[in-house]
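Okay, here's what each chain looks like letter by letter:
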Amino acid sequence: LAMIQSLNITHDISENESTNFFINLKHQFNEQWQSKLNSSYTTSKNSKRNGYYYGAADPLTNQGSSIFSTYAFDLSSDAFSIDFNVQGDIDIFGHNNKLIIGADYIKTETEYEGKYVNLCYEKTCVDHPVMPINWNNFDLTKVKLITRESIANNTQADVTQYGAYL
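Residues numbered from 1 in each chain as written. Predicted model: local features only at pLDDT ≥ 70, side-chain atom pairs only at ≥ 80, totals over all residues. Heavy atoms only, no water.

What follows concerns the overall build of the protein chain. Within the protein chain, the secondary structure is distributed over zero helices and eight strands. Taken over 166 residues, the protein chain has a buried fraction of 23%. By sequence separation, contacts in the protein chain at least 24 residues apart represent 73% of the contacts at least 6 residues apart. Carbon and sulfur atoms make up 56% of the accessible area of the protein chain, which totals about 11200 Å². (Helix = DSSP H or I, 4+ residues; strand = E, 2+ residues; numbered from the N terminus. Buried < 20%, exposed > 50% of the residue type's maximum accessible area, 1.4 Å probe, protein only. Contact = heavy atoms within 4.5 Å. Areas by Shrake-Rupley, 256 points an atom, 1.4 Å probe, with all protein chains shown as cover.)

Shown next as structure tokens:
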């Protein structure tokens, strides 16, 4: 048959955006000593909506497959880091050594929100996760995955790290 008999493929809509700002400063005190300041800020946003097609198509009717919807998620993350150090040559017991003294700080905030998705085909929407497909007139461009207002899960994480080094 020319018709696909069994399917298990995905229909994903994904949007990603990321921005990074950074600065690197260096000051030379003299030939042996210098200081460095490095800082970075990154923000990112990711969204994904997905649905799956599955099931065998009846060769006589071209029906029997379905679209199955899982859920959508939105993920956002902000990260800030800064590192400062002073380094230079120092003589210890008659040997030339390099000394580095510094401190750093990193803060990351992440938020994840998962939502259920309604399936829509043309002007018909269903609030349950399965919609039958009639392959005789199915048009992939007419499938819409609409995010519901109800939240499946929501997670927020804030992580702070800091330290000093020698």
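This brings us to the pattern of salt bridges. Counted according to the given criterion, the structure contains two salt bridges. A salt bridge links Asp-89 to Lys-98, with the shortest nitrogen-to-oxygen separation between them at 3.9 Å. For the salt bridge of Lys-107 with Glu-109, the shortest nitrogen-to-oxygen distance reads 3.9 Å. For Lys-107, a relative accessible area of 26% corresponds to the partly exposed category. Of the residues examined, Glu-109 reaches a relative accessible area of 35% and is grouped as partly exposed. (Salt bridge = Lys/Arg side-chain N within 4 Å of Asp/Glu carboxyl O.)

Once that is clear, we can look at the packing of aromatic side chains. Applying the stated criterion to the full structure yields two aromatic pairs. With 5.7 Å between their ring centres and 25° between their planes, Phe-73 and Tyr-112 make a pair best called stacked. Separated by 39 residues along the polypeptide, Phe-73 in strand E4 (residues 71-92) and Tyr-112 in strand E5 (residues 95-121) bring together distant segments of the chain. (Phe/Tyr/Trp six-rings, centres within 6.5 Å; stacked < 30°, edge-to-face > 60°.)

Attention shifts here to the confidence of the model for the protein chain. When pLDDT drops low, the exact placement of atoms in the prediction is not to be read closely. Per-residue confidence for the protein chain averages 83 on the pLDDT scale, and 78% of its residues sit at or above 70. Taken element by element, the predicted model of the protein chain shows its lowest mean pLDDT in strand E6 (residues 124-126) (69) and its highest in E4 (93). (pLDDT = per-residue confidence, 0-100.)

Attention now goes to a nonpolar patch on the surface. Together, Phe-21, Tyr-41, Phe-80, Ile-82, Tyr-105 and Tyr-162 line one region of the surface with nonpolar side chains, adding up to about 600 Å² of accessible area. Among the residues examined, Tyr-41 registers a relative accessible area of 32% and is labelled partly exposed. (Patch = residues over 30% accessible without salt bridge, like charges linked within 9 Å, V, L, I, M, F, W, Y side chains within 5 Å.)

Note on placement: Asn-153 falls in strand E8 (residues 143-165). Each C-alpha atom, one on Asn-153 and one on Lys-115, is 7.0 Å from the other, the two residues being 38 residues apart in sequence.

So, about the side chain of Asn-85. Within the secondary structure, Asn-85 is located in strand E4. Reaching out from Asn-85, the side chain makes a polar contact with the side chain of Gln-87 at a distance of 3.1 Å. Those residues within four positions of Asn-85 in sequence are excluded, and the remaining contacts are Gln-34, Ser-35, Lys-36, Ile-100, Ile-101, Gly-102 and Tyr-165. (Polar contact = N/O pair within 3.5 Å; in protein donor to acceptor, adjacent residues only side chain to side chain.)

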